Amino acid sequence: MQPTLNDVKEIALQAGVILKQGFGKRHDIRHKGVIDLVTEIDRRSEAFILAQVEKKFPGHEIMAEESGARKGDGGYCWYIDPVDGTTNYAHGLPFFSVSIGVADEAGMLLGVVYDPMLDECFSAVRGEGAWLNGTPIHVSEVTTLVDSVIGTGFPSNAHTSPNNNLAEFERFTLRVQAVRRLGSAALNLSYVAAGRLDGCWALGMQSWDIAAGGLIIQEAGGVITALDGDANYMQPPYSLVTANPFVYPLMMDVLQKKDA
């Protein structure tokens, strides 16, 4: 059975209620890595989403952040991040989201990123466009780096890996109007789609971080690839660079050190 955008939105919005109800309270915080956190709300939100998918779409494959992969034979795969921005959430910073993407054999089909604190639902359907709370959205029309505000994030192993994005952060900081590290990859991507950010780059991601947001950007007229320019960014090691069509090649020049 093929899910619809309304199916995915309904699940995401209901999971968002769980996040909002738990926000600002004391949490059971555990560490998956040195700076990689998980809370009981992550697990509660994911359990709710999984129960809904398994009830309504039995047999679909699932890739979820906390419980991992579940094989299926229904021709569809759900990419689920129950709390994208857990560190923000755990510290009482109101910037996080629920991210759900659905792929079929042709690639990403549906994407929903929901910010429960602002009640903003970013969504997209392959070939049909992207929306914010039902209103069409498009990437910005900024044409230069110096006029661009771009987003990024740092990998969860930044303390130990030499490939930690610090060099790239410095290069962009000296070339753009501003670099923003907001703490939710899915919202970073959604903000590029809505024209709030002119571009974004990241490395050390996971499939559920970028599945929904990547489709939303594409349907909003943006360009998204892996850091090496490969159009198939939905494969390990899950790095990406994305922007409007004007800023994208300028960002690639910075990343490939061709602008010096």
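Structure shown above.
Residues numbered from 1 in each chain as written. Predicted model: local features only at pLDDT ≥ 70, side-chain atom pairs only at ≥ 80, totals over all residues. Heavy atoms only, no water.

Undergrad: Explanation requested: the pattern of salt bridges in the structure shown.
TA: For side chains of opposite charge, pairing can occur when their charged atoms come near one another. Scanning the model with the defined rule gives three salt bridges in all. A salt bridge links arginine 70 to glutamate 54, with the shortest nitrogen-to-oxygen separation between them at 2.0 Å. Taken together, the residues span a long stretch of sequence, with arginine 70 in strand E4 (residues 68-70) and glutamate 54 in helix H2 (residues 40-56) at a distance of 16 residues. Exposure remark for arginine 70: the relative accessible area of 33% places this residue in the partly exposed category. When its relative accessible area of 36% is taken as the criterion, glutamate 54 is described as partly exposed. Among the salt bridges present, the one from glutamate 120 reaches arginine 196, with a minimum N-O distance of 2.9 Å. Here glutamate 120 is found in strand E8 (residues 120-125), whereas its partner arginine 196 is found in the loop between helix H5 (185-193) and strand E13 (199-202), with 76 residues between them in sequence. (Salt bridge = Lys/Arg side-chain N within 4 Å of Asp/Glu carboxyl O. Helix = DSSP H or I, 4+ residues; strand = E, 2+ residues; numbered from the N terminus. Buried < 20%, exposed > 50% of the residue type's maximum accessible area, 1.4 Å probe, protein only.)

Undergrad: What exactly am I supposed to notice about the sheet that holds strand E6 (residues 97-104) here?
TA: Across a sheet, strands are paired by hydrogen bonds formed along the backbone, either parallel or antiparallel in direction. Taken in spatial order, the eight strands of this open sheet run E4-E3-E5-E6-E7-E8-E9-E10, and their pairing is mixed. A single partner strand is all that each edge strand has here, and the edge strands are E4 and strand E10 (135-136). Pairing of strand E7 (residues 107-115) with E8, which is carried by six bridges, proceeds in the antiparallel orientation. In the sheet register, aspartate 115 faces E8, and the bridge partner there is glutamate 120. (Pairing = 2+ DSSP bridges.)

Undergrad: Any chance you could explain the environment of serine 184 here in plain terms?
TA: Position of serine 184 among the secondary structure elements: in the loop between strand E12 (178-180) and H5. Taking the C-alpha atoms as reference points, serine 184 and serine 97, 87 residues apart in sequence, are found 7.2 Å from one another. Here serine 184 is in contact with Asp84, Gly85, Phe95, Phe96 and Ser97, once residues within four sequence places are set aside. (Contact = heavy atoms within 4.5 Å.)

Undergrad: I tried to follow the packing of aromatic side chains on my own but got confused; where do I start?
TA: Two measures describe an aromatic ring pair: the distance that separates the ring centres and the angle between the ring planes. Taken as a whole and assessed by the stated rule, the structure comprises eight aromatic pairs. Aromatic side chains phenylalanine 122 and tyrosine 191 sit 6.0 Å apart centroid to centroid with 50° between the ring planes, which places their arrangement in the tilted category. In this pair, phenylalanine 122 is assigned in strand E8 and tyrosine 191 in helix H5, connecting sequence segments 69 residues apart. For the pair phenylalanine 122 and tyrosine 191, one class covers both residues: buried. Seen from their ring centres, phenylalanine 172 and tryptophan 201 are 4.3 Å apart, and the 35° between their planes marks the pair as tilted. (Phe/Tyr/Trp six-rings, centres within 6.5 Å; stacked < 30°, edge-to-face > 60°.)

Undergrad: Would you explain the side chain of serine 140 in this entry?
TA: Along the chain, the position of serine 140 falls in the loop between E10 and strand E11 (149-151). At a separation of 2.6 Å, a polar atom in the side chain of serine 140 contacts the side chain of aspartate 198. Polar side-chain contacts of serine 140 include one of 2.9 Å to the side chain of asparagine 244. Contacts of serine 140, omitting those with residues within four sequence positions, involve Gly195, Asp198 and Asn244. (Polar contact = N/O pair within 3.5 Å; in protein donor to acceptor, adjacent residues only side chain to side chain.)

Undergrad: Explain the packing of helix H1 (residues 5-22) against H2 to me, please; I cannot follow it from the model alone.
TA: If you want to describe how two helices pack, look at the angle between their axes and the distance between the axes. Put simply, H1 and H2 touch, their axes get as near as 10 Å, and they point 160° apart. When the axis of H1 is compared with that of H2, the two are roughly antiparallel. Once H1 is placed against H2, the crossing between them reads as right-handed. Two secondary-structure elements touch here, H1 through Glu10, Ile11, Gln14, Ala15, Ile18, Leu19 and Gly22 and H2 through Ile41, Arg44, Ser45, Phe48, Ile49, Gln52, Val53 and Lys56. (Axes fitted to C-alpha atoms, helices over the stretch in contact; angles between N-to-C directions. Parallel < 35°, antiparallel > 145°, perpendicular 65-115°, else oblique. Left-handed = near helix turned anticlockwise from the far one by under 90°.)

Undergrad: Just checking my understanding: could you explain the pairing of strand E9 (residues 129-132) for this structure?
TA: The side-chain alternation of E9 yields two buried faces, one formed by Gly129 and Trp131 and the other by Ala130 and Leu132. Both E8 and E9 contribute to a ladder of four bridges, which runs antiparallel. Each bridged residue has a counterpart across the sheet, and for valine 125 the counterpart in E9 is glycine 129. Here E8 folds back onto E9, and the loop between the two strands holds three residues, one of which, glycine 127, carries a positive phi near 80°. Pairing of E9 with E10, which is carried by two bridges, proceeds in the antiparallel orientation. In the sheet register, tryptophan 131 faces E10, and the bridge partner there is proline 136. What sits between the antiparallel neighbours E9 and E10 is a turn of two residues, in which asparagine 133 has the positive phi angle 50°.

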